[in-house]
Structures are given as structure tokens and as C-alpha cells.
Amino acid sequence: MAMAMTSSSTIAISKLDFPLSFSQSVNKKLSISSIPFCSKNYVPKKFFFSIKTPKSCGNISNSLVNDCSIDETSKERTTQVSIEVKTSVWNWRGYSIRYQYCGNSGPALVLVHGFGANSDHWRKNLPVLAQSHRVFSIDLIGYGYSDKPNPRDLGVDNFYTFETWGCQLNDFCKDVIRDKAFFICNSIGGLVGLQAAVMEPQLCRGILLLNISLRMLHITKQPWFGRPLIKAFQNLLRNTALGKFFFKSVATPESVKNILCQCYYDTSQVTDELVQAILLPGLEPGAVDVFLEFICYSAGPLPEELLPLVKCPVLVAWGDKDPWEPIELGRAYGKFDTVEDFVVLPNVGHCPQDEAPHLVNPLVESFVARHASIENCIA
């Protein structure tokens, strides 16, 4: 369930950073392609990754190193995935936090969802990546089936911030995983991963950003003459019955499906299961307060402010059909020194991990294998 304000300060019930909350796991077995890995030798800053999709027959292509590639012919060599995904609850600062996990060996991965989503948004990635990793996906506080405290009851102006979520992510690494980890993040989850890595760099081995939020609602990205109007509208939503009425009108199966069909280029992936997964946790007590607080959150860090501060390697990947976070603007993030490459995912929308897991899972595996190998060599 999502809503957004464009840079010209207009409001539309179509976009923010991602639709409302996810839940419900898949019962189907997933299949993945046999994946050729990069050499475990030293890898320069830029590397090559190529993927062909049946829809476009176009390539994801960047700088050339080691020729790591996946094409459609590899799909003939499929492997059935039957790894069990387990669910647990973690007590964080007195709040109940849901997370999912699977896999018994290999580097630790933490999958971080976007606005309104939750750990089930990674249901197509968890059992696949768990073949060679310890994989965790977490419901950020306020989303999914984690607690949703009302910030007004806490006596603070902003509780649902990237600093809060960054602390949660780092504490999760220390308390639950008990190890450092790679952060795999979508949309605003990318800000969470970057913020966590800046706050406690020793816990993060690397970050893969999938269509990170450009934060077009940020106050600094609005024209000066429109800022008072935006602030007034946000206060109206947050402090009157209008906000809850708006949320109620959007929190329906029809609205959720329409929003998902806007951000998914391949609308066949917008199933009834997905719609229910988005909708149900968003109908739980407290969800409306979280929703209204975050759409009124116009401060906090921007990706371009955090990227120069990160010490670990970063890979940015972008679905080129994202209507909410235009790839033309996202390409600027590939120019930061900490970013080793910018990978284009052809004919994919805002949520590549769910819409095109056959592209994302190999990308995650090669990124992690490369940097885990380099780290082991240094050690």
C-alpha cells in the first residue's frame, strides 16, 4: 500500500517506496538455474555480470572482469529447492520482532525489505540462497508481524527513522546471528542497510542495493516554495481523521493489487497470494500510525549522504522499468567510490527480488562469493 509525493509536491496514491505489508509464505517448490561462479582470485573494483531474460533478450552488462554470466540456457539445468524456511520471534528492546531464517552454513545474509513490506517479500530468495548461505529476513519494527508502537505514546516526534531501523539491524546481527553479515536490501531497506553499516561498520561485510529509494519526498528535494504546502498536508494527514480515512481507502485488495501492478513490470507476478501477503499485516492494530508517520518523514539521510561514509563494498542493481525510482536518477549512485558497479536489470520494476528472483539470486550469490573469498584471503 503506497502513496507518494512527487518532486513537484503533488500527491498520488501510487508510490512511495513500496506497498504495504507482506506476509504468508509460498507452498510451492522453487527452481533455480545452475549458477557459474566467479573465480576466487582477486577481483578488481569493476566486474562483469550478464543476464538474459525471455522478455527482452537484453543483457545486464557492466564492466568486464572474470566474465560471470547467466543466460537462458542455464535454466535447463534446474535444481529443486526444498529447504525449510523457519519463523521465529526476537525480543528487541521489549518489542516483539518477527524474522525468518534458513540455511546452516556459509556467510550470513540479512534481507531487508522496503516500505510497507516485510520478510515474506523475500520468500522466493530465502530457500534458494540458503543452499550455500545462512539467510535471515527480518520484519523491521512497525512492519509485517513485528510490534507497531505508536510514536505518540513514546513521546517522540519521529520513532520510525533510519537510525531506529539501523540500530535494529545491527542488534539483530549481534544478538541473533552473532556474526557479521551481508545486507541485501530493497527500496528504503537500502537506507536501513547503509545507515546500519555507517553506525557499526564492523558488522557489515557488504551491501547489495536493489532499487534503493531516491527519497523524493525528502524536504531538501522539494522546491522551496512548495515546502510549506507539503508540511501542511502532512500535518493534516497525521493529525486529523483524514489520514486514517485515506489509509482505510487504500487498505483494500483492489487498491493493493492496483498499486502492485504499477510497480511490477511483469504483472503476472502480482498474484492473489502476493496481494494478501501485502494486505493482512497492514490491517493489524497500529499499522495506520506507522504508515502515516513514515509518509510524513521528510528528514533523515539520503543515499548520496550515506554512500561516501560506508566502509564495505557496495553493489547497486536497478530494475529499469521502475516507475517510482527512475533508473536515470539511480545511475548517479554507481559513481561513488564505494560502489563497485551499477547493474541494470532489464524489464524489471521496483521490487526485483520478488518479480525476477532468477536474476537477483545469482547476483547475490556472486557478490557474496567474491567478497567472502577476498576477506578469507586477507584473513
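Every value quoted in this text rests on a predicted model; they were computed, and no experiment measured them.

Q: Which parts of the structure should I look at to understand helix 7 (residues 253-263)?
A: Turn by turn, an α-helix covers 3.6 residues, leaving residues three or four places apart pointing in a common direction. Looking only at helix 7, the buried set comprises Val 256, Ile 259, Leu 260 and Cys 263. The buried residues of helix 7 occupy one face: seen down the axis, they fall within an arc of 100 degrees. On its buried side, helix 7 packs onto helix 6 (241-250), helix 8 (272-282) and helix 12 (352-355).

Q: Explanation requested: the packing of aromatic side chains in the structure shown.
A: Tallied over the full model, the rule gives 17 aromatic pairs. The structure contains a cluster of three or more aromatic residues connected by ring pairs, namely Tyr 95, Phe 115, Tyr 143, Phe 159, Tyr 160, Phe 162, Trp 165 and Phe 291. Taking NZ or CZ as reference, Lys 321 lies 5.5 Å from the ring centre of Tyr 265, over its face.

Q: Even after reading the chapter, I still don't get the sheet that holds strand 9 (residues 108-112), so can you show me in this structure?
A: Sheet strands pair by backbone hydrogen bonding; their relative direction is either parallel or antiparallel. With mixed pairing, 8 strands are arranged side by side in an open sheet as 7-8-10-9-11-12-13-14. Every interior strand has two partners, whereas the edge strands, strand 7 (86-92) and strand 14 (339-345), have only one. On average, each strand axis in the sheet is tilted by 20 degrees relative to the strand beside it, whichever way the strands run. In the packing of helix 3 (residues 162-177) onto the sheet, contacts are made with strand 7, strand 8 (95-102), strand 9, strand 10 (134-138) and strand 11 (181-186), and the angle to strand 7 comes to roughly 115 degrees. Sheet strands touched by helix 4 (residues 188-199): strand 9, strand 11 and strand 12 (204-210). Its angle to strand 11, the strand with the most contacts, is close to 150 degrees.

Q: Hey, could you run me through the state of the cysteines in this one?
A: Put plainly, a disulfide is one covalent bond tying together the sulfur atoms of two cysteines. Here the structure, examined in full by the defined rule, presents 0 disulfides. You can see Cys 263 has no disulfide; the closest cysteine sulfur is in Cys 351, sitting 4.4 Å from it.

Q: Looking at this structure, how should I read the nonpolar core?
A: Most often, soluble globular proteins have nonpolar side chains that are buried together. With 73 residues, the main nonpolar core has Val 110, Trp 165, Phe 183, Ile 207, Leu 209 and Leu 260 as its most contacted residues. With 7 residues, the top contributor of residues to this core is helix 9 (residues 287-295). In terms of nonpolar packing, the next biggest core, distinct from the first, is built from 25 residues, Ala 130, Leu 208, Ala 317 and Val 364 among them.

Q: Which parts of the structure should I look at to understand unusual backbone geometry?
A: Backbone phi values are negative for most residues with the exception of glycine, while trans is the configuration of most peptide bonds. Of note in the backbone geometry, Ser 187 takes a positive phi value of approximately 55 degrees without being a glycine. Structurally, Ser 187 is set in the loop between strand 11 and helix 4. Overall, Ser 187 belongs to the buried group, its relative accessible area being 0%. One non-glycine residue with positive phi stands out, namely Asn 347, at about 55 degrees. Along the chain, Asn 347 turns up in the loop between strand 14 and helix 12. For Asn 347, a relative accessible area of 13% puts it in the buried group.

Q: Explain the packing of helix 6 against helix 9 here, please?
A: The axes of two packed helices give the description: the angle between them and the distance between them. It is at 10 Å that the axes of helix 6 and helix 9 come closest, and there the two elements cross at 110 degrees. In this view, helix 6 runs roughly perpendicular relative to helix 9, as classed from their interaxial angle. Here helix 6 contributes Gly 243, Lys 244, Phe 246 and Phe 247 to the contact with helix 9, which in turn contributes Ala 287, Val 288, Asp 289, Phe 291 and Leu 292.

Q: Teacher, can you tell me more about the pattern of salt bridges here?
A: Opposite charge on two side chains lets them pair, provided their charged atoms get close. All chains considered together, the criterion is met by 11 salt bridges. The partner of Arg 98 in a salt bridge is Asp 120, and the shortest N-O contact between them spans 3.0 Å. Here Arg 98 is found in strand 8, whereas its partner Asp 120 is found in the loop between strand 9 and helix 1 (126-129), with 22 residues between them in sequence. Here Arg 98 falls in the buried class, since its relative accessible area comes to 10%.

Q: When you look at the side chain of Asn 170 in this model, what are you seeing that I'm missing?
A: Residue placement: Asn 170 occurs in helix 3. For Asn 170, a relative accessible area of 1% gives the class buried. If near-sequence neighbours (up to four positions away) are discounted, Asn 170 is found in contact with Phe 183, Ala 196, Met 199, Glu 200 and Leu 203.

Q: Can you help me understand the side chain of Ser 137 in this one?
A: By the element assignment, Ser 137 lies in strand 10. Polar side-chain contacts of Ser 137 include one of 3.4 Å to the backbone oxygen of Ser 119. Those residues within four positions of Ser 137 in sequence are excluded, and the remaining contacts are Tyr 99, Gln 100, Leu 111, Ser 119, Trp 122 and Leu 126.

Q: Honestly, the pairing of strand 7 in this entry has me stumped. Any pointers?
A: Within a regular strand, the side chains alternate between the two sheet faces. Here strand 7 runs beside strand 8; their pairing, made up of 7 bridges, is antiparallel. What sits directly across from Val 89, in strand 8, is Arg 98. Hairpin connection from strand 7 to strand 8: 2 residues lie between these consecutive antiparallel strands, with Arg 93 at a positive phi of about 55 degrees.

Basis of the calculations
Residues numbered from 1 in each chain as written. Predicted model: local features only at pLDDT ≥ 70, side-chain atom pairs only at ≥ 80, totals over all residues. Heavy atoms only, no water. Buried < 20%, exposed > 50% of the residue type's maximum accessible area, 1.4 Å probe, protein only. Helix = DSSP H or I, 4+ residues; strand = E, 2+ residues; numbered from the N terminus. Arc of directions from axis to C-beta. Contact = heavy atoms within 4.5 Å. Phe/Tyr/Trp six-rings, centres within 6.5 Å; stacked < 30°, edge-to-face > 60°. Lys NZ or Arg CZ within 6 Å of the ring centre and 35° of its normal. Pairing = 2+ DSSP bridges. Axes fitted to C-alpha atoms, helices over the stretch in contact; angles between N-to-C directions. Disulfide = S-S within 2.5 Å. Core = buried A, V, L, I, M, F, W, Y, C linked by side-chain atoms within 4.5 Å. Parallel < 35°, antiparallel > 145°, perpendicular 65-115°, else oblique. Salt bridge = Lys/Arg side-chain N within 4 Å of Asp/Glu carboxyl O. Polar contact = N/O pair within 3.5 Å; in protein donor to acceptor, adjacent residues only side chain to side chain.

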